[in-house]
There are 2 protein chains.
Amino acid sequence: MIRLHGLEVSGNTYKIKLLLNLLNIKYEFIPLDIKNKQHKSEAFLKLNPRGEFPVLEDGSLIVWDSQAILIYLAKQYGTQENNHWYPDNAPAIAHITQWLTVANGEIFLTLGKARAMLKFGYAGDLELAQKRGIKILQWIDQHLKDRNWLATEQPSIADITCYPYIALCEEGDISLSHYPAIHRWFKRIQNINGYVSMPGIKRE
Amino acid sequence: MIRLHGLEVSGNTYKIKLLLNLLNIKYEFIPLDIKNKQHKSEAFLKLNPRGEFPVLEDGSLIVWDSQAILIYLAKQYGTQENNHWYPDNAPAIAHITQWLTVANGEIFLTLGKARAMLKFGYAGDLELAQKRGIKILQWIDQHLKDRNWLATEQPSIADITCYPYIALCEEGDISLSHYPAIHRWFKRIQNINGYVSMPGIKRE
């Protein structure tokens, strides 16, 4: 049985839920009690020494870090029909990995942080996060102008990992009004069979 | 012909050089003139819209982001004998990816930043970077206590990507005296056939 430890309102947790659903994998969701710092408890640190979520358990295998979990699920449970999530092809994987890095870097550290400041009261320079976030949105909108998907010809885990914190960015008071290519991409993702949403993400 | 754009004193550039050498791949190194901000020039932004290095060109394929380049090279040029750098096995890849994230996150943002502040005059909170960096070193030393390699039973790109900014951390005035398991790991890496060093990394 697959068990996913995470938080309902976490975009990084949602990435995993989304892929689990798209791959039609049954799993048990175990919500963390972060008010009581369960993710820093001794029991949880045995699962993930970084004290962060999400964490996936697949039998005796434990995987932390959302990028690692996405790659693991796509590789382990992808069939011939849906191996496009993480294809067995070096140039495709190279382009997917680029966007995994952007998701953890530019996107999370601007759009994700602005949201965390406004929604959860995290400390930080909101104006700077918003200003940098707008630059990322402009870049990604331009990148998607003549493309259906971020990295390859089909949807991949690059799209799954970049989608949440872009789709949630208005919770960080960053407008999504000016990016038509991003909205077309949202719609494409939301139309994939098995798509599930999370609190805060609107339907196009 | 493979062309690598980067900087001699950059740990992220060195990761790629190291793997190219370990895989015995011939390449042309193109050093960037960062004093004149060549990495922000129009020509370079066509290679990498992020304006960062390293960037790899393999014929018409362009790959930016050091993690993406490592995966690409290992996957594209790994043979049956040396596919251990990025094996075709979901649990192994999951564990490798975890360390790719740690390299870009904890390691680069603490040890790498402290070095950048002292060596290149970058702005930032040196004391905080050093304090957090020591915690990472303690964690990794503990992790390597009963293991030969970070992620799997053989050397992988997890080791390649984490090695440089750990091995360079004394340039950020963070002592490496207290981590015997890390030193044993350094020695193992340095003994791999094809190993090359970079300025600032001592031989064990």
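- Chain A appears in an unreviewed UniProt entry as Glutathione S-transferase, unnamed subgroup from hydrothermal vent metagenome.

1. Topic: the overall build of chain A
Then comes step 1: A tally of helices and strands in chain A yields 7 helices and 4 strands.
Then comes step 2: The order of α-helices and β-strands along chain A, N terminus first, is β-α-β-α-β-β-α-α-α-α-α.
Then comes step 3: Computed over its C-alpha atoms, the radius of gyration of chain A comes to 17 Å, within 12% of the 17 Å expected for a compact globule of 204 residues.
Then comes step 4: Overall, the C-alpha framework of chain A stretches about 45 × 45 × 30 Å when taken along its three principal axes.
Then comes step 5: Expressed as a percentage of the 204 residues in chain A, the buried residues total 56%.
Then comes step 6: Summing over all exposed atoms, chain A offers an accessible surface of approximately 9,400 Å²; the carbon and sulfur share of this is 48%.
Then comes step 7: Considering chain A, the positive charge centre built from 23 side chains and the negative charge centre built from 21 side chains are found 2 Å apart.

2. Some remarks on unusual backbone geometry
Note on backbone geometry: most residues besides glycine have negative phi, and most peptide bonds are trans.
All names here are of chain A.
Then comes step 1: In the segment running from F53 into P54, the intervening peptide bond is cis, with an omega of 5°.
Then comes step 2: The topology assignment puts P54 in the loop between α2 (42-47) and β3 (55-58).
Then comes step 3: Even without being a glycine, K37 presents a positive backbone phi close to 55°.
Then comes step 4: Position of K37 relative to the elements: it lies in the loop between β2 (27-31) and α2.
Then comes step 5: By relative accessible area, which is 54% here, K37 ends up exposed.

3. Some details on the sheet that holds strand β4 (residues 61-64) of chain A
All names here are of chain A.
Then comes step 1: One open sheet holds the 4 strands; their spatial order is β2-β1-β3-β4, and the pairing between them is mixed. Bordering the open sheet on either side are β2 and β4, each of which pairs with just one other strand. Recorded for the sheet is a direction-independent mean angle of 20° between the axes of neighbouring strands.
Then comes step 2: Bridging between strand β1 (residues 2-6) and β3 involves 4 bridges; their strand directions are antiparallel. Along β3, the bridge assignment pairs H5 with V55.

4. Let's talk about the sheet that holds strand β3 (residues 55-58) of chain B
Two modes of strand pairing occur in sheets, parallel and antiparallel, and in both the strands are linked by backbone hydrogen bonds.
All names here are of chain B.
Then comes step 1: Read from one edge of the open sheet, 4 strands run β2-β1-β3-β4, paired in mixed fashion. Every interior strand has two partners, whereas the edge strands, β2 (28-31) and β4 (61-64), have only one. Pairs of neighbouring strands in the sheet enclose a mean axial angle of 20°, with direction left out of account.
Then comes step 2: Each of β1 (2-6), β2 and β3 touches helix α1 (residues 11-22); the most contacted strand, β1, lies at about 155° to it.

5. So, the domain arrangement of chain A
Residues and elements named next belong to chain A.
Then comes step 1: Taken domain by domain, chain A comprises domain 1 (2-77) and domain 2 (88-190).
Then comes step 2: Between the C-alpha centres of domain 1 and domain 2 there is a distance of 21 Å.
Then comes step 3: On the side of domain 2, 14 residues touch domain 1, which itself brings 15 residues to the contact.
Then comes step 4: Between domain 1 and domain 2, a total of about 1,200 Å² is buried, with carbon and sulfur atoms accounting for 65% of that surface.
Then comes step 5: If you sort the residues of domain 1 by the area they bury against domain 2, V9, K15 and Q67 come out on top, with a joint share of 40%.
Then comes step 6: Viewed at the interface, domain 2 and domain 1 are joined by 1 salt bridge.
Then comes step 7: Residue K75 pairs with D88 through a salt bridge whose shortest N-O separation is 4.0 Å.
Then comes step 8: At the boundary of domain 1 and domain 2, one finds 6 residue pairs in polar contact (both at pLDDT 80 or more).
Then comes step 9: Every element with two or more residues in the side of domain 1 that touches domain 2 is listed here: α1 (11-22) and α3 (66-77).

6. Description of the relation of the copies chain A and chain B
Then comes step 1: Overlaying chain A on chain B yields an RMSD of 0.0 Å, the required transformation being a rotation through 180° with an accompanying axial translation of 0.0 Å. Both copies are brought into coincidence by an operation consistent with a two-fold rotation axis.

7. Comments concerning the environment of A:P155
Residues and elements named next belong to chain A.
Then comes step 1: Within the element layout of this structure, P155 appears in the loop between α5 (126-143) and α6 (157-167).
Then comes step 2: Using a relative accessible area of 12% as the deciding quantity, one classes P155 as buried.
Then comes step 3: Spatially, the C-alpha atom of P155 lies 6.2 Å from that of W85, the residues being 70 residues apart in sequence.
Then comes step 4: Excluding anything up to four places from it in sequence, P155 contacts H84, W85, W149 and I192.

Criteria and thresholds
Residues numbered from 1 in each chain as written. Chains lettered and ligands numbered in written order. Predicted model: local features only at pLDDT ≥ 70, side-chain atom pairs only at ≥ 80, totals over all residues. Heavy atoms only, no water. Helix = DSSP H or I, 4+ residues; strand = E, 2+ residues; numbered from the N terminus. Rg over C-alpha atoms; globule rule 2.2 N^0.38 Å. Buried < 20%, exposed > 50% of the residue type's maximum accessible area, 1.4 Å probe, protein only. Areas by Shrake-Rupley, 256 points an atom, 1.4 Å probe, with all protein chains shown as cover. Lys, Arg positive; Asp, Glu negative; His and termini not counted. Charge placed at Lys NZ, Arg CZ, Asp CG, Glu CD. Pairing = 2+ DSSP bridges. Axes fitted to C-alpha atoms, helices over the stretch in contact; angles between N-to-C directions. Contact = heavy atoms within 4.5 Å. Domains from an automatic or database assignment. Buried area = accessible area lost by both parts, 1.4 Å probe. Salt bridge = Lys/Arg side-chain N within 4 Å of Asp/Glu carboxyl O. Polar contact = N/O pair within 3.5 Å; in protein donor to acceptor, adjacent residues only side chain to side chain. Least-squares fit on C-alpha atoms with pLDDT ≥ 70 in both.

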